[in-house]
Number of protein chains: 4
Amino acid sequence: MSNRDYNVESSDKKDAKYAYTFDYDVLHKYMHKAFTPHFKLPGNILELGCYEGRFTERLAKHFNDISCVEASSKSIEVAKIKIPHARFYLNTFEQVQLDKKYENIVMTHVLEHVDDPVAILKRVNDEWLTDDGYFFLVCPNANAPSRQIAVKMGIISHNSAVTAAEEEHGHRITYSLDTLERDATKAGLEVAHRSGIFFKALANFQWDKLLQTDIVSPEYLDGCFKLGQQYPDLCSSIFLLCKKGKR
Amino acid sequence: MSNRDYNVESSDKKDAKYAYTFDYDVLHKYMHKAFTPHFKLPGNILELGCYEGRFTERLAKHFNDISCVEASSKSIEVAKIKIPHARFYLNTFEQVQLDKKYENIVMTHVLEHVDDPVAILKRVNDEWLTDDGYFFLVCPNANAPSRQIAVKMGIISHNSAVTAAEEEHGHRITYSLDTLERDATKAGLEVAHRSGIFFKALANFQWDKLLQTDIVSPEYLDGCFKLGQQYPDLCSSIFLLCKKGKR
Amino acid sequence: MSNRDYNVESSDKKDAKYAYTFDYDVLHKYMHKAFTPHFKLPGNILELGCYEGRFTERLAKHFNDISCVEASSKSIEVAKIKIPHARFYLNTFEQVQLDKKYENIVMTHVLEHVDDPVAILKRVNDEWLTDDGYFFLVCPNANAPSRQIAVKMGIISHNSAVTAAEEEHGHRITYSLDTLERDATKAGLEVAHRSGIFFKALANFQWDKLLQTDIVSPEYLDGCFKLGQQYPDLCSSIFLLCKKGKR
Amino acid sequence: MSNRDYNVESSDKKDAKYAYTFDYDVLHKYMHKAFTPHFKLPGNILELGCYEGRFTERLAKHFNDISCVEASSKSIEVAKIKIPHARFYLNTFEQVQLDKKYENIVMTHVLEHVDDPVAILKRVNDEWLTDDGYFFLVCPNANAPSRQIAVKMGIISHNSAVTAAEEEHGHRITYSLDTLERDATKAGLEVAHRSGIFFKALANFQWDKLLQTDIVSPEYLDGCFKLGQQYPDLCSSIFLLCKKGKR
């Protein structure tokens, strides 16, 4: 872990951006929508891996007491400007020391970057989550139709492969609902609900082009979100709502 | 509606019971488990169609302030003994007058019995649900694998058919996720989450026999519940978590 | 049946075309690809509802002995030019008299237009199909994701609804795998295989726009076809491969 | 490969049988049913891994010219008695030399045992399959509901894990539709159709007990087979119908 350069990992590469318009405008919007009914309010929130604070801005609509842990200093600089009242920890999840517990913890598209995911999830469960708090865990889905189609095209070896572009951005694993729940459970967390976010048949780069046309409407996007709840395994991302496990 | 005999409809028939061991011991348990993370607490609860109070007993673990509307007098007599502190309205959903609003309203395996479902859902939305309350709506699923298999066997004409036995028990429609959401939306409700309860490949009568053997363990049942959340369309029942719609 | 004007029904309407570029360039291509491994060769073929002969042209690559039944005279005029060696019957499926049996019979996106589908399927089974022939039956799928999304958008009432535009084009029913098999079985046919054609998350009009951009490649389309075989219920069209039923 | 003892691997273990009643009476029956429409007739057939000849017996109903390759001498001894007219090669897939090509090649629940699956599939494609022959490739499915439920129960680590019992029986990998197609394609084969065999919500040992009760009927089993074709990813086994790839 010690020799990872998080500033480099989180920068765009020649063939693959670190974050797409699709991520910001579509996926963030619908993760926010999926989380909202479950937020423990009133309460505080911890975001693990806030990157440049774009999702944090959405969380700030519900929470005053926000803490963020982020290992890239460049990212925190950007994030600070957006959410000045949040508390930022420039540190790795392995090293950071937090002085309180949280009713809400979110970790979106981050766990797949981590060297020892179970160890981090253990810290969430044992140190950071309150007894009746919720942990919102979201990862890209190995079985997203867009990805399955890329596998059929021969571009990606198999659904749960880590592609070269993903590796360059620091991905260590590509989760599906079974492997994500395995790691959450190993860490002692209890999965209260399994779901998925956004039925997705096109790749990020296709979505980014498509969003510049009039082919899809906001209502169509809403429809993909709603349909995604009926087919969690066919979503862009998978979502586990977790509670602190009983010992 | 006027000439329906709810006491007769809710009694067992020669070829099909009104309620199975599977319903009570499996489905009730897992509906309860699926609802729990969403309960608005503290708060009151209204159960529409409590039958003999078996599910009400489970709700009573969370709520003191419980009201039940039920059209069968025989059923209420049984239910009263189980949950003496609940308030019972012996009336139809069409006629009943309630003097307050509820933070939580549950309606499980009832809407498919009703003559004008949209009208009843409208009352839920317009009259009975608080502004930030939740309505827990569960119906048997036309697309349950057990049912799809029966369709392939030629026993049931098509997934959403109402069988003769169902008709005798007062069913008017067999819902799937699309038709249930259609009616909820028509009534003005807003669907916050779509889910399913219990991955189910065997019919009720098969489950009742199976539960008397050692072929399935409680852990296996838990597994079917968990898997069901990943395949809502392949569950025994479908579950919409609804909010009061914005006007 | 007598008073239907098939020339009118098969013309484009203001809001909905009768056939899209998607139909011709994508769906036809992949139906052809899906049928090919099953063709009984050598053998003859009967196409029920050839419209303007666009799919017939693809069949002509495999078969010399081709017969087509079509109720629209305008359509036959166009089709004749394309496949001069085919035999055309200008007639309804109800009235037509054919003087031989066929090893291969195809009916694609036609059964949903017919007044009494079981009666027509009965003629296929009893009169037209050889003892070891194959009947290739394809219909639009009520559960196509594109359609399910439209339902979630509130544009279509429920998955199996017949929309106003579909009604204008003569649709009587919208099939899903359960109802299509029900009608095939009622008619005495035996379903040898159930499949689907083309995983489809966008509507026809969206596809037609998309096909004019560089957002999707031919390889992506191939991927949607391949993935569709793994998710028949999520395909643009559903496909039953039928044999003559045993009596 | 050299030091594997195929007689030992193919014997029952304390906690897991090598073959279950379910395998013989249910899975074999339905694989046979799934293959039949695709058999190239007239033609010869090669079975790779015939074990004790139970599936070979079913193939013998269609084919006179049958060859079997099998590395366990004990198994061949048993198989020989059942299908005396077949030609048996006691050898590994790596070493065996065959003197002709085959119109039909079947390999069921075998590839997951092989040390270098792509190398074996290459021999199928390059040496053994005729130009227009079919290769019937079936493997146990990582995503079978019964297995997914076991994963949720914590008995199996994740869907595609190789369990200890599977390892003892010589399994090297647990395939799903994406990884199986990846290996077939790598070997040069062309996948003509993707399917699944038998919708399966109960484990083998549960099925073996269940088959001794009156809870499930033969018609119910047929229904599970039919439904499986609609949900290939939720089947007991996955099935790729392959052709020789074009070079």
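As a starting point, this report considers the structure included with it. Quick caveat: nothing in here was measured; it's all calculated off a predicted structure. (Residues numbered from 1 in each chain as written. Chains lettered and ligands numbered in written order. Predicted model: local features only at pLDDT ≥ 70, side-chain atom pairs only at ≥ 80, totals over all residues. Heavy atoms only, no water.)

1. Thoughts on the packing of helix α2 (residues 21-35) of chain A against helix α10 (residues 218-230) of chain A
Residue and element names in this part refer to chain A.
In step 1: Taken N-terminus to C-terminus, the directions of α2 and α10 make an angle of 55°; their axes are 11 Å apart at the nearest point. When the interaxial angle is binned, α2 and α10 end up oblique. Handedness of the α2/α10 crossing: right-handed. Counted together, Val26, Lys29, Tyr30, Lys33 and Ala34 of α2 and Pro218, Leu221, Asp222 and Phe225 of α10 form the full contact between these two elements.
In step 2: Residue classes in the contact of α2 with α10 are distributed as six nonpolar, no polar and three charged. (Axes fitted to C-alpha atoms, helices over the stretch in contact; angles between N-to-C directions. Helix = DSSP H or I, 4+ residues; strand = E, 2+ residues; numbered from the N terminus. Parallel < 35°, antiparallel > 145°, perpendicular 65-115°, else oblique. Left-handed = near helix turned anticlockwise from the far one by under 90°. Contact = heavy atoms within 4.5 Å. Nonpolar A, V, L, I, M, F, W, Y, C, P; charged D, E, K, R; others polar.)

2. Considerations on empty space enclosed by the protein
In step 1: Within the structure shown, the criterion is met by four cavities of 30 Å³ or more.
In step 2: Computed from the structure, the largest cavity encloses a volume of approximately 270 Å³.
In step 3: Around the largest cavity sit 19 residues that line it, and Tyr231 of chain A, Tyr231 of chain B, Tyr231 of chain C together with Tyr231 and Leu234 of chain D are the ones nearest its centre.
In step 4: Here the lining of the largest cavity is built from residues that sort into eleven nonpolar, four polar and four charged.
In step 5: What the second largest cavity holds in volume is close to 90 Å³.
In step 6: For the second largest cavity, the lining is made up of 14 residues, of which Ala201 and Leu202 of chain B together with Ala201, Leu202 and Tyr220 of chain D are closest to its centre.
In step 7: Mapped onto the lining of the second largest cavity, the elements with two or more residues apiece are α10 (218-230) of chain B together with α10 (218-230) of chain D.
In step 8: Of the residues that constitute the lining of the second largest cavity, the class distribution is twelve nonpolar, no polar and two charged. (1 Å grid on protein atoms, 1.4 Å probe; cavity = no way out; pocket = protein on both sides within 12 Å on 5 of 7 lines; lining within 4 Å. Points joined across faces, edges and corners; volume = space filled by probe spheres on them.)

3. Observations concerning the environment of glycine 49 of chain A
Residue and element names in this part refer to chain A.
In step 1: For glycine 49, the position within the fold is in the loop between β1 (45-48) and α3 (54-59).
In step 2: When its relative accessible area of 13% is taken as the criterion, glycine 49 is described as buried.
In step 3: With 20 residues separating them along the chain, glycine 49 and valine 69 place their C-alpha atoms 5.6 Å apart.
In step 4: Here glycine 49 is in contact with Val69, Glu70, Phe93 and Val110, once residues within four sequence places are set aside. (Buried < 20%, exposed > 50% of the residue type's maximum accessible area, 1.4 Å probe, protein only.)

4. So, the packing of aromatic side chains
In step 1: In this structure the tally under the stated criterion is 58 aromatic pairs over all chains.
In step 2: On the numbers, 4.9 Å between centres and 40° between planes, the contact of phenylalanine 35 of chain D with phenylalanine 136 of chain D is tilted. Of the two residues, phenylalanine 35 of chain D is situated in helix α2 (residues 21-35) and phenylalanine 136 of chain D in strand β5 (residues 129-140); the sequence distance between them amounts to 101 residues.
In step 3: Of the residues examined, phenylalanine 35 of chain D reaches a relative accessible area of 0% and is grouped as buried.
In step 4: Note on phenylalanine 136 of chain D: relative accessible area 0%, which makes it buried.
In step 5: Relative to phenylalanine 239 of chain D, the ring of phenylalanine 35 of chain D lies with its centre 5.1 Å away and its plane at 50°, an arrangement referred to as tilted. Residue phenylalanine 35 of chain D is located in helix α2, and its partner phenylalanine 239 of chain D is located in strand β7 (residues 235-243); the two are separated by 204 residues in the primary sequence.
In step 6: Seen from the ring of tyrosine 134 of chain A, lysine 40 of chain A lies directly overhead, with NZ or CZ sitting 4.7 Å from the centre.
In step 7: In this arrangement the basic side chain of arginine 54 of chain A is found over the ring face of tyrosine 24 of chain A, its NZ or CZ atom lying 3.8 Å from the centre. (Phe/Tyr/Trp six-rings, centres within 6.5 Å; stacked < 30°, edge-to-face > 60°. Lys NZ or Arg CZ within 6 Å of the ring centre and 35° of its normal.)

5. Concerning the interface of chain B and chain A
In step 1: Listed by partner, the interface residues are 15 residues for chain B and 15 residues for chain A.
In step 2: The junction of chain B with chain A conceals about 1,600 Å² of combined surface from both sides, 48% of it contributed by carbon and sulfur atoms.
In step 3: Three residues, Arg194, Gln229 and Gln230 of chain B, lead the burial of chain B against chain A; their summed loss comes to 39% of the area buried on that side.
In step 4: For the pair chain B and chain A, the interface holds zero salt bridges.
In step 5: Elements that contribute at least two residues to the side of chain B that touches chain A include exactly α8 (177-186), β6 (190-199) and α10 of chain B.
In step 6: When residues of the side of chain B that touches chain A are assigned to their parent elements, the largest contribution, four residues, is made by β6 of chain B. (Buried area = accessible area lost by both parts, 1.4 Å probe. Salt bridge = Lys/Arg side-chain N within 4 Å of Asp/Glu carboxyl O.)

6. A few points about the relation of the copies chain B and chain A
In step 1: By a simple turn and slide, chain B fits onto chain A: the slide is 0.0 Å along the axis, the RMSD is 0.0 Å, and the turn is 180°. Such a combination of rotation and displacement between the chain copies is what one expects of a two-fold axis. In terms of proximity to the rotation axis, the leading residue of chain B is tyrosine 231 of chain B, whose C-alpha is 3.1 Å off the axis.
In step 2: The overlap is high: 100% of the interface residues of chain B also sit at the interface in chain A, so the same surface is used on both sides. (Least-squares fit on C-alpha atoms with pLDDT ≥ 70 in both.)

7. Here's the deal with the pairing of β1 of chain A
Residues and elements named next belong to chain A.
In step 1: With burial as the criterion, each face of β1 is covered, one bearing Ile45 and Glu47 and the other bearing Leu46 and Leu48.
In step 2: The pairing of β1 with strand β4 (residues 102-108) spans three bridges and is parallel. Across the sheet, the residue bridging to glutamate 47 is valine 106, located in β4.
In step 3: In this structure, β1 lies alongside strand β2 (residues 66-70), joined through four bridges in parallel fashion. Bridging across to β2, leucine 46 finds its partner in serine 67.
In step 4: With α3 bridging β1 and its parallel neighbour β2, the resulting β-α-β unit is right-handed. (Pairing = 2+ DSSP bridges. Right-handed = clockwise from strand over helix to strand, strands pointing away.)

8. Observations regarding the interface of chain A and chain C
In step 1: Tallying the contact residues gives 25 residues for chain A and 25 residues for chain C.
In step 2: Where chain A abuts chain C, roughly 2,500 Å² becomes buried across the two surfaces, and 68% of that area is made up of carbon and sulfur atoms.
In step 3: On the chain A side of the interface with chain C, the three residues burying the most area are Lys152, Ile215 and Tyr220 of chain A, jointly 27% of the side's total.
In step 4: On the surface where chain A and chain C come into contact, there are two salt bridges.
In step 5: With its nearest N and O atoms 3.4 Å apart, the salt bridge here joins lysine 209 of chain A to aspartate 214 of chain C.
In step 6: Scanning the region where chain A abuts chain C turns up ten residue pairs in polar contact (both at pLDDT 80 or more).
In step 7: Counting only elements with at least two residues in the side of chain A that touches chain C, the list comes to α6 (145-152), α9 (204-210) and α10 of chain A.
In step 8: The biggest single contributor to the side of chain A that touches chain C is α10 of chain A, with seven residues. (Polar contact = N/O pair within 3.5 Å; in protein donor to acceptor, adjacent residues only side chain to side chain.)

9. Thoughts on the relation of the copies chain A and chain C
In step 1: The transformation that overlays chain A on chain C combines an axial shift of 0.0 Å with a rotation of 180°, and the residual RMSD is 0.0 Å.
In step 2: The fraction of interface residues of chain A whose copies in chain C are also interface residues reaches 100%, indicating that both copies meet through the same surface.

10. Thoughts on the state of the cysteines
Residues and elements named next belong to chain D.
In step 1: Enumeration according to the criterion identifies zero disulfides over all chains in this entry.
In step 2: Note on cysteine 68: no disulfide assigned, nearest cysteine sulfur contributed by cysteine 50 at a separation of 4.2 Å.
In step 3: Residue cysteine 68 is classed as buried on the basis of its relative accessible area, which comes to 0%.
In step 4: Unpaired in terms of disulfides, cysteine 139 finds its nearest cysteine sulfur in cysteine 242, a separation of 10 Å. (Disulfide = S-S within 2.5 Å.)

11. Digging into the sheet that holds strand β7 (residues 235-243) of chain A
All names here are of chain A.
In step 1: The seven strands lie next to each other as β3-β2-β1-β4-β5-β7-β6, forming an open sheet whose pairing is mixed. In this open sheet, the two strands that pair with only one neighbour each are β3 (87-90) and β6 (190-199). Each neighbouring strand pair of the sheet contributes to a mean axis angle of 15°, computed without reference to strand direction.
In step 2: Bridge count for β2 against β3 is four bridges, and the pairing is parallel. Across the sheet, residue serine 67 finds its bridge partner in β3, namely arginine 87.

12. Regarding α10 of chain A
In step 1: Spanning 13 residues, α10 of chain A covers 19 Å between terminal C-alpha atoms, matching the ideal 18 Å at 1.5 Å per step.
In step 2: Residues of α10 of chain A that are buried include every one of Tyr220, Leu221, Gly223, Cys224, Phe225, Leu227, Gly228, Gln229 and Gln230 of chain A, and no others. (Expected span 1.5 Å × (residues − 1).)

13. Side note on α8 of chain B
In step 1: The buried count for α8 of chain B comes to eight of ten residues, which makes it a mostly enclosed element.
In step 2: When α8 of chain B is considered as a whole, its buried residues turn out to be Leu177, Asp178, Thr179, Leu180, Glu181, Arg182, Asp183 and Ala184 of chain B.
In step 3: Next to the buried residues of α8 of chain B lie α10 of chain A, α5 (117-128), β5 (129-140), β6 and β7 (235-243) of chain B together with α6 (145-152) of chain C.
In step 4: A positive backbone phi angle near 100° is found at glycine 188 of chain B, which sits one or two residues after α8 of chain B.

None of the figures reported here should be taken as evidence of function without further support.
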